[in-house]
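# Survey of secondary and tertiary structure
Residue-level listing of the chains:
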Amino acid sequence: MQNIRIAYLPLSKLSWRSPKIDSLAEDSARHLSELPGCRLSYPVPLITSEAEAEQACEKLQAQPPDLIVLHFVTFPAGALIPLIAARTQAPIVLLANPAEPGENRIWEQNSFCGANLGAFVMRRMDKQYAFVRTMPEHIGSAIQKHIAAARCIKTLRNCRVGLLGGRVPGFYTSNIDEMMLRRKFGSAVELCTLLEMSDLAEKLTPEQLRQGRNLVKKSAARVNGVSERELELLAKMYAAILLMVEKYRLDALALRCWPENPDIFGIAPCAAIGLLNDLGLPVSCEGDVPGALSMKILQALANGGIPLFVDLISYDEKENTAVAWHCGAAPCSLSRNFDETEYNLHFRVDGGNKKGVCNEFSLKQGKVTIAKLDQDKDGHFRMLLASGTALDTEPFIRGNPLNIRLHQPVNKLIDLIMKKGLEHHYTLIYGDVKEELLQFCEWMDIELLMPE
């Protein structure tokens, strides 16, 4: 995942400066510099004047930060805060320290009060900001969700989503307003054709084809009814899509998997989608661009990890569970047991059990975060957020089933989905990134939809 640049700007009044205050700033900078996946900019040791604030902002212009930690080491001169806010674009974490009276009962920092003033200024200047109160040694854990949200914002700003073949017929949920997407996130949609994929598959070098074959062989424990020819086509499809990813510089992909793809190529692309997701490239089915983008968001918030693209096909109010599923496009790394993975003929294409290739298995246990970005009828962006625990799930249906016990009432989730008219595709990732997603939505001014 991308490294992010954190700017550390400690503020103080000159008349309040002391060795203790300098030490607090230095300790905070040191702990920030040790955070993995982050690079620290520390342009001025302690900002006590407008001239020093201007100097710090000028130094940041050469390499703009992705996140700013504005540390109220003491209550600062008030003019410093709007000056910095006006000259920087990144989200700002207002940092205060717990404080106690010093010698002679002197209140040495007044740190929270300074941060309170900072919040007033940020609100009035319409800045993305958050507040944290902690000591230097705990800064890393205190701002983890803010780092994740800043990383996600940066990732989307440079994100290119490939739309390979367009959306499938009638799936209006797969659409997105490309110009609003650009304006809101900075992300671009790159149109690609199934014809190019098919053409590239016949022009692979022996080495490209060999790599595809090797991955196909090790991504399922068994083969059931799928011919060697179809496995060869799977290797070709995977390798051809990789060439398109390189050519168009794609960071995620929405693939039109039916109706004509199996006719053009001779197989369904389900297993190829799983292979690509295992590679770290988020790929959604059925040409779902918001789905691919949702997968990319979860991946960025989790600082890696492999997201999953699913339908919600069933729920049980008594057990407070829901079944997430798709037809055989899950990455094998998320399998409950690799020995259960099996290449099969697709159970729907051309009437069922006539063409490959699906990789079928149940998905693994663990905490999961469920999310989906979409646009409401007026075009504004919304984010569904729920969480749960994936249970040990037997392969009770074809494809990739997963039974999830929700952390919220499942009937509330279903009511929310139906009343708000949400899309019928969802994404999930293993792990709990709820707080990170909440922070991301707050900073990006995305309407959050959560079951109560």
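As the structure is a prediction and not an experimental result, all values here were calculated from the model.

What counts as what
- Residues numbered from 1 in each chain as written.
- Predicted model: local features only at pLDDT ≥ 70, side-chain atom pairs only at ≥ 80, totals over all residues.
- Heavy atoms only, no water.
- 1 Å grid on protein atoms, 1.4 Å probe; cavity = no way out; pocket = protein on both sides within 12 Å on 5 of 7 lines; lining within 4 Å.
- Points joined across faces, edges and corners; volume = space filled by probe spheres on them.
- Helix = DSSP H or I, 4+ residues; strand = E, 2+ residues; numbered from the N terminus.
- Nonpolar A, V, L, I, M, F, W, Y, C, P; charged D, E, K, R; others polar.
- Pairing = 2+ DSSP bridges.
- Axes fitted to C-alpha atoms, helices over the stretch in contact; angles between N-to-C directions.
- Contact = heavy atoms within 4.5 Å.

Turning our attention to empty space enclosed by the protein. Taken as a whole and assessed by the stated rule, the structure comprises two cavities of 30 Å³ or more. In this structure, the largest cavity encloses a volume near 90 Å³. Taken together, 15 residues form the lining of the largest cavity, with L308, F309, H326, A329 and A330 sitting closest to its centre. Elements supplying a minimum of two residues to the lining of the largest cavity: α12 (270-278) and β11 (308-316). Looking at which element gives the most residues to the lining of the largest cavity, the answer is β11, with three residues. Considering only residue class, the lining of the largest cavity consists of twelve nonpolar, three polar and no charged.

Our next topic: the sheet that holds strand β4 (residues 92-96). The strand order across the open sheet formed by five strands is β2-β1-β3-β4-β5, and the pairing between neighbours is parallel. Edge strands, defined here as strands with exactly one partner in the open sheet, are β2 (38-41) and β5 (129-133). Direction aside, the axes of adjacent strands within the sheet are offset by 25° on average. For strand β1 (residues 4-11) and strand β3 (residues 67-72), the ladder comprises six bridges, and the chain directions are parallel. Paired with A7 across the bridge in β3 is I68. Those strands touched by helix α3 (residues 80-87) are β1 and β3, and its axis lies near 160° from that of β1. Most of the contacts of helix α15 (residues 434-444) go to β5, to which it runs at about 135°, and overall it touches β3, β4 and β5.

On to the sheet that holds strand β6 (residues 160-164). A sheet is described by the order of its strands in space; here four strands give the open sequence β7-β6-β9-β10, paired in parallel fashion. The open sheet has two edge strands, β7 (188-192) and β10 (283-284), and neither has a second partner. Judged from the two bridges that link them, strand β9 (residues 252-255) and β10 form a sheet pairing that is parallel. Paired with L253 across the bridge in β10 is V283.

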